[in-house]
Amino acid sequence: MESSVKTVFISLALTVAFSAVTPAYSNQQIPQTTSAQNQSQNTPDNPEDYFQKMVRAVKKINYKGILVFNSVAPGDGNISALEIVHKNQEQKEVKISSIDGSPVSIYRKNNKVKEFLGGKHQVEKIINNPFENFCARTLDHEQLTKNYQINFKKDSVTAGRDVKVVTLVPKNDQVFGYSFYIDKETYMPLKMDYIPNNGTSINSYMFVNIDYPKHLAEKDMIIKKEGKVIILDEENKKKQEEQTVEKQQPKPIAKQNKVKWQVNYLPEGFNLIDHQIQKFHKKHNNVEHFVFSDGIALISVYIEAVPENQIFRGSSIKGAMSAYGTVKDNHQVVVVGKVPIATLVQVGDSVQQKLHK
């Protein structure tokens, strides 16, 4: 069962790390503005506007810094650190590198992985940029305020910069709350906490230092290994592109009109935002994959026919990320999301085969 659980988390990490956004999210272009222009604008006087400015800032400015991921959940206490270089100009480029443990790096340009360093199973260390991933979607204000109460908390300091603290308090106990520490000058989120109902943070993403360079050179985006720059000649570059991690992503092979299963229970405010039938590995069976969201949180449901000795039953929790596995009609059902495990259990237990006329 342990190997099955690990596969679930690695598969999810691959989906998140190698896909900039899901089809349901918008990646609209936003005009560039400087920090000086930001300062000249009126400072938002309500938390909803502050939050929306944060979403726009992640998409439009260059930044470079060290991001620390701290999991303080019971049985999962660990700290890892990433270097993130994010270039937002004519072509968006992102380089994310692990700076602890084995060298692992991803370089992405225009939402396509161009270079990858480290085995695919090491990708679990690359948590992507949670702020970029979170803000990739166009958040609907009405849906946001319907499901969450948005508040200001006492101002603070993060990465040596003054921040405004904005909290998202859920209106039900089926999802986590959030705290965002937003740079007052640039509106860049510098810290994000997942907050369960007991009020104690279980995951924290925080920049320990950050810069906002006006320009990022090509050398800033090159992946290094053991202090040496990786330079690919044309032949190796072509081979590298053919073997890019992008090709290891689950590929859609059918659309929503081929739905074979249905999910009969969803937490309040959640709606279907994506459905695909995928193949994670050429030797594996097809996987029917549903993605649901309330505008903030995501819940994924995976359904696959697998041998009995590979069945995952029960639950697994890793910080804010949880997984629940059950069996329905000789099929493995796995529900994954950064929500309370009780929510995933209710969703998983409601899955059943769709009756076709």
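### Concerning the pairing of strand β20 (residues 331-337)
Along β20, six of the seven residues are buried, which leaves the element largely enclosed by surrounding structure. As paired elements, strand β17 (residues 298-304) and β20 share six bridges and run antiparallel to each other. Across the sheet, the residue bridging to S300 is V336, located in β20. Two elements, strand β19 (residues 321-328) and β20, share seven bridges in a ladder whose sense is antiparallel. Each bridged residue has a counterpart across the sheet, and for V327 the counterpart in β20 is Q332.

### Comments concerning the side chain of D220
Within the element layout of this structure, D220 appears in the loop between β10 (203-211) and β11 (224-225). Taking relative accessible area as the criterion, D220 reaches 18% and is therefore assigned buried. Of note is the side chain of D220, whose polar atom sits 2.8 Å from the backbone nitrogen of A217. In this structure D220 touches K64, V85 and K95, once residues within four positions along its chain are discounted.

### Concerning the pattern of salt bridges
By the definition in use, this model includes seven salt bridges. When the shortest N-O distance is used, the salt bridge between K164 and D155 registers 3.3 Å. Its relative accessible area of 18% is what places K164 among the buried residues. For D155, a relative accessible area of 33% translates into the label partly exposed. Ionic pairing is found between K184 and D155, a salt bridge with its closest N-O pair at 2.6 Å. Of the two residues, K184 is situated in the loop between β8 (177-183) and β9 (189-195) and D155 in strand β6 (residues 148-158); the sequence distance between them amounts to 29 residues. Within the structure, one salt-bridge network assembled from shared partners comprises D155, K164 and K184.

### Quick notes on the packing of aromatic side chains
Counted according to the given criterion, the structure contains 10 aromatic pairs. Ring centres of Y50 and F152 lie 5.8 Å apart, and the angle between their planes is 85 degrees; on these two criteria the pair is classed as edge-to-face. Highlighted residues: Y50 in helix α3 (residues 47-60) and F152 in strand β6, separated in sequence by 102 residues. Assessed through its relative accessible area of 31%, F152 is described here as partly exposed. With a centroid separation of 6.2 Å and an interplanar angle of 70 degrees, the aromatic rings of Y194 and Y205 are classed as edge-to-face. One end of the pair, Y194, is in strand β9; the other, Y205, is in strand β10, and 11 residues separate them in sequence. A network of ring pairs unites the aromatic residues F51, F69, Y148, Y178, F180, Y194 and Y205 as a single cluster. Here the basic side chain of K53 rests over the ring of Y187, its NZ or CZ set 5.3 Å away from the ring centre.

### Focus: the environment of F69
Within the secondary structure, F69 sits in strand β1 (residues 63-71). On the accessibility criterion, F69 (12% relative accessible area) is buried. Residues F69 and L82 lie 13 residues apart in sequence; the distance between their C-alpha atoms is 8.1 Å.

### Remarks on the confidence of the model for the chain
Residues of the chain with pLDDT of at least 70 account for 70%, and the chain-wide mean is 78. For residues 244-248, every residue scores under 50 in pLDDT, and the model assigns this stretch 13 contacts once sequence neighbours within four places are set aside. In the model, residues 252-257 has pLDDT below 50 throughout and makes 11 contacts with residues more than four positions away in sequence or in other chains.

### Quick word on unusual backbone geometry
The bulk of non-glycine residues show a negative phi, and the bulk of peptide bonds are trans. Despite not being glycine, A159 has its phi angle at roughly 55 degrees, a positive value. Even without a glycine there, the phi angle at Y187 is positive, about 65 degrees. Summarising the element assignment, Y187 is placed in the loop between β8 and β9.

### Topic: the side chain of K164
The topology assignment puts K164 in strand β7 (residues 161-170). Of the polar contacts made by the side chain of K164, one reaches the side chain of D155; its length is 3.3 Å. The contact partners of K164, leaving out residues within four places of it in the chain, are Y50, F152, D155, F180, Y181, I182 and K184.

### Brief notes about the nonpolar core
Ranked by internal contacts, the top residues of the largest apolar core, which has 58 residues, are F51, L168, Y178, F180 and V301. Here this core takes six residues from α3, the largest share from any one element. Look past the residues within four positions of L168 in its chain and what remains in contact with it is F51, L144, Y148, Q149, I150, G177, Y178, F180 and I296. In terms of nonpolar packing, the next biggest core, distinct from the first, is built from seven residues, V287, F312, M321 and A323 among them.

What counts and what doesn't
- Residues numbered from 1 in each chain as written.
- Predicted model: local features only at pLDDT ≥ 70, side-chain atom pairs only at ≥ 80, totals over all residues.
- Heavy atoms only, no water.
- Buried < 20%, exposed > 50% of the residue type's maximum accessible area, 1.4 Å probe, protein only.
- Helix = DSSP H or I, 4+ residues; strand = E, 2+ residues; numbered from the N terminus.
- Pairing = 2+ DSSP bridges.
- Polar contact = N/O pair within 3.5 Å; in protein donor to acceptor, adjacent residues only side chain to side chain.
- Contact = heavy atoms within 4.5 Å.
- Salt bridge = Lys/Arg side-chain N within 4 Å of Asp/Glu carboxyl O.
- Phe/Tyr/Trp six-rings, centres within 6.5 Å; stacked < 30°, edge-to-face > 60°.
- Lys NZ or Arg CZ within 6 Å of the ring centre and 35° of its normal.
- pLDDT = per-residue confidence, 0-100.
- Core = buried A, V, L, I, M, F, W, Y, C linked by side-chain atoms within 4.5 Å.

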